[in-house]
Each structure stands twice: as C-alpha cells, then as structure tokens.
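# Working through the structure, step by step
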Amino acid sequence: MIGQWHISRLQNPDTGAVIEEGNSYKSCDIFGYKTQGCRRALCIAGYILSCGALRLLFYWKPEWHVWISCIQCSLEEADIVLLRTTDDFRTYSRKTYFCLLCCLHCCPCLVFQVKTIQVQKIRYVWNVYAKQFQKIGVLEDHYTCSAIHDKFGSGLTCNEQNVRRVICGPNTIDVPVIPIWKLLIKEVLNPFYVFQLFSVCLWFAEDYMEYANAIIFMSLLSIFLTVYDLRKQSIKLHRLVESHNNVMVTVCRNKEGFQELESHHLVPGDMLILKEGKTLLPCDAILVSGQCTVNESMLTGESIPVTKIHLPRADNFQPWRVYCAEDYRKHVLLCGTEVIQTKADDRGVVKAVVLRTGFNTAKGDLVRSILYPKPMNFKLYRDALRFLMCLIAFAAIGMIYTVCVFALNGVREVVKKALDVITIAVPPALPAALTTGVIYTQQRLKKKGIFCISPQRINMCGQLNLVCFDKTGTLTEDGLDLWGLLPSERSCFQDIYSFPADHGLPWSPVFKALAVCHSLIVWEDKIQGDPLDMKMFEATNWVIDDSSGHQNAGQGPTHATVVRPGLKATTAPVEGITILHQFPFSSALQRMSVIAQEIGGDPQAFIKGAPETVATLCRAETVPSNFESKLLLYTAQGFRVIGLACKSLQAGKLPAALTREEVESDLTFLGLLIMENRLKRETKPVLEELTAARIRSVMVTGDNIQTAITVAKNAGMIAPTHRVILVEANKEPGSFSASVTWKSLQENKIEDCRSLVRIRLALGSGQYHFAMSGKSYQIVAQHFRHLLPKLLLNGTVFARMSPSQKSSLVEEFQKLDYFVGMCGDGANDCGALKVAHAGISLSEQEASVASPFTSRTPSIACVPELIREGRAALVTSFCMFKYMALYSIIQYLGVLLLYWQLNAFGNYQFLFQDLAITTVIGVTMSFTRAYPKLVPYRPPSQLTSPPLLLSVVLNILFSLSMQIFGFVVVQEQPWYSKTNIHSACLSVNNHERNSSSSLGLHGVRDGAQEQIDNGFKSYENTTVWLLSTINCLIVALVFSKGKPFRQPIYTNYVFMLVLTVQLGICLFLVFADIDDLYSKMDVSIAIQVLLNPLFALQEAVIENRPLWLLLKKTFRYRSKSHYKRLQQVLEQDPAWPPLNETFFSDSVAVTVEGNMGGHSNPTFDSSEDSL
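These numbers come from a predicted model, not from an experiment. (Residues numbered from 1 in each chain as written. Predicted model: local features only at pLDDT ≥ 70, side-chain atom pairs only at ≥ 80, totals over all residues. Heavy atoms only, no water.)

## Some details on the overall build of the chain
Helix and strand counts for the chain stand at 37 helices and 44 strands. In the chain, buried positions account for 55% of the 1171 residues. Counted over contacts in the chain with a minimum sequence separation of 6, partners at least 24 positions apart contribute 73%. For the chain, the exposed surface amounts to about 50,700 Å²; the carbon and sulfur share of it is 58%. (Helix = DSSP H or I, 4+ residues; strand = E, 2+ residues; numbered from the N terminus. Buried < 20%, exposed > 50% of the residue type's maximum accessible area, 1.4 Å probe, protein only. Contact = heavy atoms within 4.5 Å. Areas by Shrake-Rupley, 256 points an atom, 1.4 Å probe, with all protein chains shown as cover.)

This is how it looks when you write it as structure tokens:
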C-alpha cells in the first residue's frame, strides 16, 4: 500500500533529486549524506577549541556542518538529507530521518519500518520500490469517479485506518505557541546581534562604557519588541487553527457501522458523515452523496454561500480530477470552511470521502503560506549585502594598516586597536537603519486604513510600474442593478422590459427562470447568495420556503428548496416551484443550471450563463437571428448580459441520476437579462493618476470581453483615440495546431482608405491595446509562446480569465521585468494577490491573510497611496544607507589619519558622533512624508546605480580631502607643537581654560589623565574631529532628499530642529573659548564652511535626472528590462501589430495546463494541484 502514496516527483535518487512541494512554495534539490564518527569528533573538538564560535557558524550555515561532518551517499543509505531551494536564494536546510514502525492487525508479528522526513510541515516517506520520496496525507490521485464510490463508499476497515494513521500522522494543523526563551535565543543568535555583542565587548575592553551601554539598551529594547511581536503573531496563528483540532465527527467503518471520533484520527479515504446543522470541516473531502451549502469566507474572502454537489458515479478510466476538469472544485469540501446546510438525496445521508488531512488541506496550505512566506528577491537588499562586504573589505585594509603602524612603533594593544577599526568601518546599526523608513511607512499606512503583513514589500511598492485590476467590485460597484429583460419568443426578440417598472413581470418561462435559476439559500432568516442572483430573484417578488421534507414520486423524502409567490408578486397559476437539483455555476463552463418542478407539474431544466455559451447549447431554431448584434449592442455600452434558457424533462427520472450534459443540451432560448454595473466614483481619477505617472493599468476579469472593453474605455484605461485589437485564438478541431487572429474593433463598420491609413499610423505610434479572453490566452501560451511577450506588452483587457490564468498572467508580466501590483476583492484573485510583487486585497475577510496588503476601504484609491508611500520608503532607505555608509567611512578615515600619529578619538568624541549625532539623525530622518503627487518615473531600485555610487564616491573624496587638508594645514601653523598642546596660548589663564575645555572636547575620561593626554589631545585630533562631525551633519542634510518622492526636507520639523541643535553644539565647541588658539583654528573650519555648498551642488548635479537621460542617450544606453528592449524592437517592426490577419501554429503545443497557476489560491488550485 505504501507504493500507492504519490505526490512529489524526484529526479535521480542519489544526488540532485527534486522535491516539488505540491503548492510550490519551494521546489528543492535533495542530497543524501551519512554521518561519519571521526568527522563528527573533529567537529566537537572544533566547538571546544573555538569556544562555540564554530557551532554558531554551523547554525548560520547548516550545509557547512553537513559537508564537514558527513559524506555524500545515496538517499537510500543516508541518515541525513540536505535540501536546497531552486530559487535565486539557493537556501539550504538540514533534515534528519525518523522511522515509523507499522504492524498489521491481521498479522501482528509482521512489522515494517518506514523512513520519513518532514519539510515545511509536510511529511514525505521513502518508497523502497520506486526509490524516491513521496508526499503523503492525500488520497491517491489515480482513482476514477466510480472507484472512489466503490472503494471508499462503505468506509475503510479498522486495519486500513490504523496503517494510514501511522503513515500519514494525525489530522492536525498544529501551530504551537513558540516559547519565549526559544524566540529570544533565535533572535539573539542573529548575525546582526552577534556582531553587536562583539562590538560591545570590544568597547568595554577600551572603557568606552557610555556608548556600549547605549547600544546594549537599544539592542535589548529591539530584541524584546521583536520577541513580543513574534510571540503575539504565534498566539494569533495558534488561535486561528486551534478550533480545527478539536472537532467531533461521525465516520463510517466498513463492517462496523457509524463511529464518533475526534477529527485528529481522520485519514485520507475515511468516509465522513455530514449531519444537519452547522459543521466546521476538519479536512478536505470529496462529496459523494447529497448536496451541501458552505461558507468559504475564511479561505476566499467572500461571504457568499457556495453550493457543493456530489461526485458523479461515472464509469470511465480517467482519474476523477481529469474527468471533472474545472468542475472538480464543486465536489470538494475544504478544510476550515463551514457547512451551513446539507441536503440528502435518495440515498438518505450526506457523505464525503476524506481527501486531504493536516497541512495538506486548503487551510493547512494557507497556514503554511504564513509560516513559510515566499522570499522576495529585491535588488536593494541584495546590493546592501554586497556593499556591506565592501565595508568589511575596507575594514580589513584598515586593520592591516593599523597593525603595521602600531607594531612598527612598538605600541602595545595592537590587536585591540585593529579590531576597533571593524566596528568603525562597519556600523552595527546599518541593517536597522535600512528598515527605519519601512517601519514609519507601515505606521502611516495603518492610519490610512491600509494594513501590511509583509513590511519588506513596502519598498517594492515604490517600483511598481504595472497594476492589474479585477473589474467587478474593484473598478465597478460590487452590486449589480437590473436594467432590462429582453425576452425571446418564437426565435424573435420581444419588446424590452425595463427596470424598475410600475407593474411586475408577467408570468412566462423567462419569469420561472428568474425565480428558480439561482443558488440562493435562507441562512440566519435572510436570503443570501450571489449579488446577481439576489437582484434577479428580488425582481420576481417571490420568496424562498426552505423546506426539508419534499416528496417526489418514486423517491424518498429529500431536502428541497421551494419558491413561492410573495405578497407583492403578480398573479401566478402555480402554488410554487420546487428546486430539485442544482448544477452550480462553473467559471470554466460559464453557466449554471437547475432542475425544478412546478408543484403538481413536470420537471424542467433552467440554465443561465454567458450568452455566447448559452446560445451554443440551444436549438438553433430558438435563437433569434439578430442575437449577436443585440448582444454586441448592450455589451458595447458596458452592460453585463446574462443568457437564459430552459428545457422540459421526462417525468419519473430521478434528478440526481441526470448528468449535466443531458440537462444542458437541446435547450430553448428564453432571452437576455441586462444588468448595469456602474464604475466606482474613485475609479477614473485613480486610473488617470496612474496613467500620468506612467504606471500601466491592466484589467483582469471573468466578465464578457465586450463589457470589459467598454468599462476599460469608460474608466480611462483605453484613451478615446487609441485602437483596440481583439486577439482570438482557437484550436483546430481534430489536430494539435491552433490559429490566432487579430481583429480591430470598430465603432463604425464602414472604413475608407483614409481611416485605414489613420489606424496604421495610430498602431505605428503605439496607440493600440490588445484585448483577449482566457481561452485565447491559454491557447497562445500553449501554441504561440513566442507571441505572448509581444501581446502582453500592449495587452490591457483580459476577460473570462480563470483564477489560475490570473496567477499565470501576473507571472508572465513579471518575466518581462515588470514590477506588478494586483488589486482585487474576491476569491478569484487570491492566487494572483499572492504571486504579485504587491497584492492589495479590498476584502477584510480572513482570506486577506494571503495578500501582503489589505485596504479597509473597498476602493482602488489605496493603490496610488501605497505607491506614493512605497516610493518614499524606498528613497528613505537609500538616504539612510548613504548616510550610514558615509558616516562610518568619515569616522574611519579620521581614525586612520590619527593612527598615523599614534593618536585616536577619545571616548566622548566617539559618543558624541555615534549617539548624539548619528542615532538621533537615523531616527528623525525617516519622518519625512511622501510627496502627494506621483511623478512619471520611479526612484532607483539598486545601490549600484551610477548616480548613487558616484554620490557616495565623491562625498568620500570630499571628506577625505577636507580631513587631510585640516590635518596638514594645522601642522604648518607657526604656533603648532607636536608635544605641547598649549603652545598657541598667550597666557597662563588661557592655558588653564583651554586645558579644562579640552577635557570635554576630546573625551578624556576622569582619572588617568596624565597617562593619555598626549594620546588624545592634539591639534590634529581637534581639527579632524570637528571637521568630521560637521561633515556628518552636512551629509545628513544633503542626503535627505525631498521632492519628487518625498515632501521637502523643511517639512520634517523634528529633523530640522535636531540638525540645528547639533550644529549649534558643534559651533559652540569651536567658539566657546574664543582666543588665539581657536581663532587660528578657524582656517580649517572656514574652509569647511566654504566647501560645504559644494556637497549640495555636487549632489544636485548627480541627482539631475535630465543630465543622466542625456548621458544615456549620448552613449546609447540600452535598458536591461526585458519589456523595454522588446518595446524598442517592436517600434522598429512595421509589420507589428498584425491587423485582420490569421497565424497558424506548426509546432507541437507546449503543455502548460498543469502549470497555468504558478502560485495559486488554496481554495481553487493550491494544494489541489498536488493531486
């Protein structure tokens, strides 16, 4: 039986195998290793000799530990495996095997051992026959529909259940509250805090107590705040899943009947009995009998009840998911959702077969996405690490210089001085400084009703240049208003019935369709369901009588819904209509249908859905000849149009026995229901603002393509002067080839030569937009892969898109090097929200946990707000980085200059620069708010950009020049003395005053003054320290950029006040004791003051955007972005875009169906993709 468990795929079982994590949080290479005793002993000796430093290094780098202490071997022989992610990060993790012992009740003496590993909460077992790891906890995927009914319809035997329980583990989503001591240790062992600990120990050794204590205080505060936040999140997540593990369920045991047990005992294949009343589902399950209505808001963000129907008992050889295709979701009950209503069929009870347990379920998948978020590869953080390495290299050079200078002069404590250079060149507060702007931005966003669960993505929002929008509920109002009903009789459209009207709808087949063709239920004494269904049913003025004992001829009692005329309804010749069976709406089929029966009458089928789809299912003689022109007339005006049809059924045949194909064929066309979906008030201004900022807007919707195009035009996505090219792709029947056609959508059908010339000129200037359906998108992705990037470059409207296609579209845009945002509010958007660089959910349901950003206000006005704040945060991060780097280098250069004379800054001098200057500036510089206007270009995204590097290099050279100049000039003064620091004084009184003031100025500690006066007190020391301190202030002011991404620096009142006070203190230290000594020192300070404007001037020149654009144009710089390079190529291609042409594919199709949703919504694809 073990050989049947199949989820993951492994390549080469010895080395380099691949574990594909069903939902593909990460796919991993896996390598086997075997522990060697002698190597392990050497490692232990290394731990002891290094005082634990080697063990700490192995904690940070587990792969090094495995490589040193183990030898590589096959996975079958291994006792340790090393996993390596296949993403850009190539992160390693170490896993140890653990063994499970299983015995069979039929033969207790037969015990077999199973080797397992656990990766991100998912258990894998080693298949000794297939020589590969296989994920377990999921029902085998090869079963057909009939096999599921036959094999599991009566439940598992006790023996089968026990074996599966041992192998699969308990059905729990166990997220324990992490103990505080574990969180504390993990945080303290962060490399950042370890480096701070090293720095503090060194400072204590040098009696640099004050700053060391300040760093200890700030570090402890940071650690405690982080631990508190992590503990709070851990408790919140634990409470979210706590209820899942404590549910009592009823299962059916083969030959033993029904049993009550706790949900953690469930295993895949168990038969679950669903009773009446509300039930929280503790697992994923396939409904095999009856019908359920469930609330999936926890997973989808939509509180609309969803109807689930049982798996058909089809006799075929296809696996059940392949047979059901897109409709398989309608048979699957998801863990964490609430069953609010059950309806038994003629078989008596509602049954479901357990499909997935534990973390394999939809809810477990959602929890795993929180526990193991997808890492974002952002250039800023990558470049920051590289720059940190450069600073470490500078520190190494400084250490060598220090050792040489002090050793050659016979000075003791060379090691201490050399190590001190590291703490100066590499500021311990640099990583914290980079996150300061993000923290303040997160707080500002929270005040504006935008909540963020992934702060590192805030900086990425500053780079967004394309935003995908859902239509309904995002760009347009959530609800729909009935506009009109266009009935059809005898294959002709009748007069339109407009809403609202003084008189009710007349009794007719189309009236019956409005009354019964829906999935509404009565829940908590209110009619609830899809807004479209609600509006449609309300127009009839009928009511729902949700009875539970309807009797049909030839059937037992079944739970059925009955609709009856209300008090305000028009006269009807029937007492009511019973809804016997329902085929729920399918986004793949684009329709829904019901089987209904007038009380005392014959059964009928009613269908509603996309008009094009419904028309193809109707008998041709019932469809009006002007159907397409009428449909185009209303969709072109932006209306949402629904097609209606019906069919009479044979009496006496059980509704549950009818297949969907039988019901939805040979229909009679009834007419078109026309609904109005108004734009939200904020939509057009927001899209205009994004367009002005050169941020592309793309519509991704499940609605009709004509409606979507009209809404895009009304919203301003498509300018009135721009052309729309409809891209239609079709598969050739009976072959593997396909065709794609480009058609220009025209308001007027008649075109003369002049208009064609104008169209070609418009196309040549890039004033065109592609529109395509989800079907065409998938065919192009399969058969015309080379055309897809070209289509996406000007693709603006994507209609009839499935959830997986939305996710795939976002990923395709990302492959073109776009920074993609996604804004949506419904279940269909969850997968795309996850995979986008910045997903913005307009729903406050628990499903919003899948989205990095959630807006309290259901309006797209949050999008430009988030981009503004993201740009400001990104610029703030760059400003902080440049300042912290320059501050450390300025101090580093000053110290190395003084080391040449065996001199150094005093502790209070360091303290003033580190604490009073840099720390305060680091806290207040980020207070500057975002600039209210979005400019048509983005801030730089990488630290290696030429303007930024040039800025840093020039400022370093300026600082070095000033310090060397001051160092040399002061030595050339006539009053200069290397041994007598009071040689410039004129009197004894001045000598005493200057001596006393120098103590504070140069940081001499009380006591031991005699020993170190000549070590710290010198003209060079005073000059270099004052110049470097004032230089830090000037750099802080120059680097604090304002417009165009942040408000002007003078609006940051706290920062300006801090700089003014700090500069005042520096000037006070310079001029407090005005005598010849200080007047003669004015030479250096005056030159510093005169050259300070050069800092601002060179920064203004370096940050001059037009200058850099001119340089790029002069040197013919080509952008590295894929979409920009492609754009340049297409601009030179006179044949693009093709118009009124058809291309045919010659090559074999690329299989992408199983990969359309690269990162999917748990409710729709996610963990189900692993089947």
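Having seen the model, we can carry on.
## What to know about a positive patch on the surface
A surface patch of like charges, here positive, comprises Lys232, Lys236, Lys446 and Arg856. Relative to the elements of secondary structure, lysine 232 occurs in helix 8 (residues 209–242). Overall, the relative accessible area of 52% leaves lysine 232 in the exposed class. (Patch = residues over 30% accessible without salt bridge, like charges linked within 9 Å, V, L, I, M, F, W, Y side chains within 5 Å. Salt bridge = Lys/Arg side-chain N within 4 Å of Asp/Glu carboxyl O. Lys, Arg positive; Asp, Glu negative; His and termini not counted. Charge placed at Lys NZ, Arg CZ, Asp CG, Glu CD.)

## Considerations on helix 26 (residues 803–815)
If you check helix 26, its first and last C-alpha atoms are 19 Å apart, about what 13 residues at 1.5 Å a residue would give, namely 18 Å. Along helix 26, the positions that sit buried rather than exposed are Pro803, Ser804, Gln805, Lys806, Ser807, Ser808, Leu809, Val810, Glu812, Phe813 and Gln814. (Expected span 1.5 Å × (residues − 1).)

## Points about the UniProt feature "transmembrane region" (unreviewed entry) in the chain
According to UniProt, the feature "transmembrane region" (unreviewed entry) maps to residues 211–230, 384–409, 421–440, 884–902, 908–927, 948–970, 1023–1040 and 1052–1071 in the numbering used here. Each end of residues 908–927 is marked by a C-alpha atom, and these two atoms are 28 Å apart; helix forms 85% of the span and strand 0%. Annotated as residues 1023–1040, this span is 94% helix and 0% strand, and its ends, taken at the C-alpha atoms, are 26 Å apart. (UniProt positions renumbered as here; feature names shortened; annotations may be inferred.)

## A word on the side chain of serine 808
Locating serine 808 in the fold gives a position in helix 26. A relative accessible area of 6% means that serine 808 is categorised as buried. A distance of 2.9 Å separates the side chain of serine 808 from the side chain of tyrosine 777, its partner in a polar contact. (Polar contact = N/O pair within 3.5 Å; in protein donor to acceptor, adjacent residues only side chain to side chain.)

## Quick word on the sheet that holds strand 13 (residues 279–280)
The strand order across the open sheet formed by four strands is 13-18-15-16, and the pairing between neighbours is antiparallel. Edge strands, defined here as strands with exactly one partner in the open sheet, are strand 13 and strand 16 (306–309). As paired elements, strand 13 and strand 18 (residues 338–343) share two bridges and run antiparallel to each other. Bridge pairing in strand 18 links threonine 279 to valine 339. (Pairing = 2+ DSSP bridges.)

## Considerations on the packing of helix 7 (residues 191–205) against helix 13 (residues 414–425)
Packing of helix 7 against helix 13 brings their axes to within 10 Å, and their N-to-C directions diverge by 135°. For the element pair helix 7 / helix 13, the angle class is oblique. Like other packed secondary-structure pairs, helix 7 and helix 13 cross with a definite hand, here left-handed. Of helix 13, the residues touching helix 7 (which contributes Phe195, Phe198, Ser199, Leu202, Trp203 and Ala205) are Lys416, Leu419, Asp420, Ile422 and Thr423. Looking at side-chain class alone, the contact of helix 7 with helix 13 contains seven nonpolar, two polar and two charged residues. (Axes fitted to C-alpha atoms, helices over the stretch in contact; angles between N-to-C directions. Parallel < 35°, antiparallel > 145°, perpendicular 65-115°, else oblique. Left-handed = near helix turned anticlockwise from the far one by under 90°. Nonpolar A, V, L, I, M, F, W, Y, C, P; charged D, E, K, R; others polar.)

## Observations regarding the pattern of salt bridges
For the coordinates displayed, the defined rule picks out 28 salt bridges. Ionic pairing is found between arginine 681 and glutamate 682, a salt bridge with its closest N-O pair at 4.0 Å. Relative accessible area serves as the criterion here: at 72%, arginine 681 is assigned to the exposed category. A salt bridge links glutamate 812 to lysine 815; the shortest N-O distance between them is 3.4 Å. On the criterion of helical spacing, the pair formed by glutamate 812 and lysine 815 is a turn pair, its members being three residues apart in helix 26. For glutamate 812, a relative accessible area of 10% corresponds to the buried category. Lysine 815 gets classed as exposed once you look at its relative accessible area, which sits at 53%. A network of salt bridges, in which partner residues are shared, links Arg444, Lys448, Glu689, Glu865, Arg868 and Glu869.

## Section: the environment of glycine 870
Mapped onto the elements, glycine 870 comes out in helix 28 (residues 862–899). Residues contacting glycine 870, with those up to four places away along its chain left out, are Ile458, Asn459, Cys461 and Gly462.

## Comments concerning a nonpolar patch on the surface
Taken together, Phe217, Met218, Leu221 and Leu225 make up a surface patch of nonpolar side chains, about 400 Å² in accessible area. Classification of methionine 218 as partly exposed rests on a relative accessible area of 31%.

## Details of the confidence of the model for the chain
Of the residues in the chain, 80% reach a pLDDT of 70 or more, and the chain-wide mean stands at 78. Per-element averaging of pLDDT across the chain places helix 31 (residues 988–1002) at the bottom with 38 and strand 21 (residues 466–469) at the top with 93. Predicted confidence is poor over residues 1–16, with pLDDT under 50, and the contacts of this stretch with residues over four places away or in other chains come to 58 contacts. Here residues 1147–1171 is a poorly scored stretch, pLDDT under 50, and it has 90 contacts once near neighbours within four places are set aside; other chains count. (pLDDT = per-residue confidence, 0-100.)

## Observations concerning the packing of aromatic side chains
Summed over the entire model, instances satisfying the criterion amount to 27 aromatic pairs. Ring geometry for phenylalanine 627 and phenylalanine 669: centres 5.6 Å apart, planes at 90°, overall edge-to-face. Of this pair, phenylalanine 627 sits in helix 19 (residues 627–635) while phenylalanine 669 is found in strand 35 (residues 668–676), placing the two residues 42 residues apart along the sequence. Looking at phenylalanine 627, the relative accessible area reads 7%, which means it is buried. By the ring-pair criterion, three or more aromatic residues cluster together here, those being Trp742, Tyr768, Phe770, Trp1136 and Phe1143. The ring of tryptophan 1136 has lysine 790 lying over it, and the distance from NZ or CZ to the ring centre is 5.5 Å. The residue whose ring lies beneath lysine 882 is phenylalanine 1039, and the NZ or CZ to ring-centre distance is 4.5 Å. (Phe/Tyr/Trp six-rings, centres within 6.5 Å; stacked < 30°, edge-to-face > 60°. Lys NZ or Arg CZ within 6 Å of the ring centre and 35° of its normal.)

## Some points on the sheet that holds strand 39 (residues 768–773)
Across the sheet, which stays open at both edges, the eleven strands sit in the order 20-43-42-41-21-36-40-39-37-38-44 with mixed pairing between neighbours. Two strands lie at the open edges of the sheet, namely strand 20 (450–452) and strand 44 (1141–1144), each paired on one side alone. On average, adjacent strands in this sheet sit at an angle of 20° to one another, irrespective of strand direction. Sheet analysis places strand 20 next to strand 43 (residues 853–855), joined by three bridges and oriented antiparallel. Residue pairing in the sheet places phenylalanine 451 in a bridge with threonine 854 of strand 43. Packing of helix 22 (residues 705–715) onto the sheet brings it into contact with strand 36 (696–700), strand 37 (723–731), strand 39 and strand 40 (795–799), and relative to strand 40 it is tilted by some 140°.

## A short note on the nonpolar core
By size, the foremost hydrophobic cluster in this structure holds 70 residues, and its most contacted members are Tyr883, Ile921 and Met925. It is helix 28 that provides the largest number of residues to this core, a total of 20 residues. In this structure, this core is formed jointly by two domains, domain 2 (180–243) and domain 4 (379–461 + 867–1103), each of which donates at least three residues. Filtering out sequence-adjacent residues up to four positions away, methionine 925 remains in contact with Cys879, Met880, Tyr883, Ala1036, Ser1040, Arg1046, Asn1052 and Phe1055. Ranked by size, the runner-up nonpolar core spans 43 residues in total, among them Ile458, Cys461, Leu690 and Ala712. (Core = buried A, V, L, I, M, F, W, Y, C linked by side-chain atoms within 4.5 Å. Domains from an automatic or database assignment.)

## Topic: the pairing of strand 9 (residues 132–135)
Side-chain alternation along strand 9 places Gln132 and Gln134 on one buried face and Phe133 and Lys135 on a second face that is also buried. Sheet topology places strand 8 (residues 122–127) next to strand 9; four bridges connect them, and they run antiparallel. What sits directly across from tyrosine 124, in strand 9, is lysine 135. In this structure, the hairpin formed by strand 8 and strand 9 is closed by a connection of four residues, where lysine 131 is found at a positive phi of approximately 55°.

## Topic: unusual backbone geometry
Proline 1044 follows lysine 1043 through a cis peptide bond whose omega is 10°. Mapped onto the fold, proline 1044 is located in the loop between helix 33 (1019–1039) and helix 34 (1053–1071). Look at the link from tryptophan 1136 to proline 1137: it is a cis peptide, with omega at 0°. In this structure, proline 1137 sits in the loop between helix 37 (1122–1131) and strand 44. Although it is not a glycine, lysine 121 adopts a positive phi angle of roughly 75°. Assignment of secondary structure puts lysine 121 in the loop between strand 7 (107–119) and strand 8. Since its relative accessible area comes to 27%, lysine 121 is described here as partly exposed. One non-glycine residue, arginine 694, lies in the positive phi region at around 60°.

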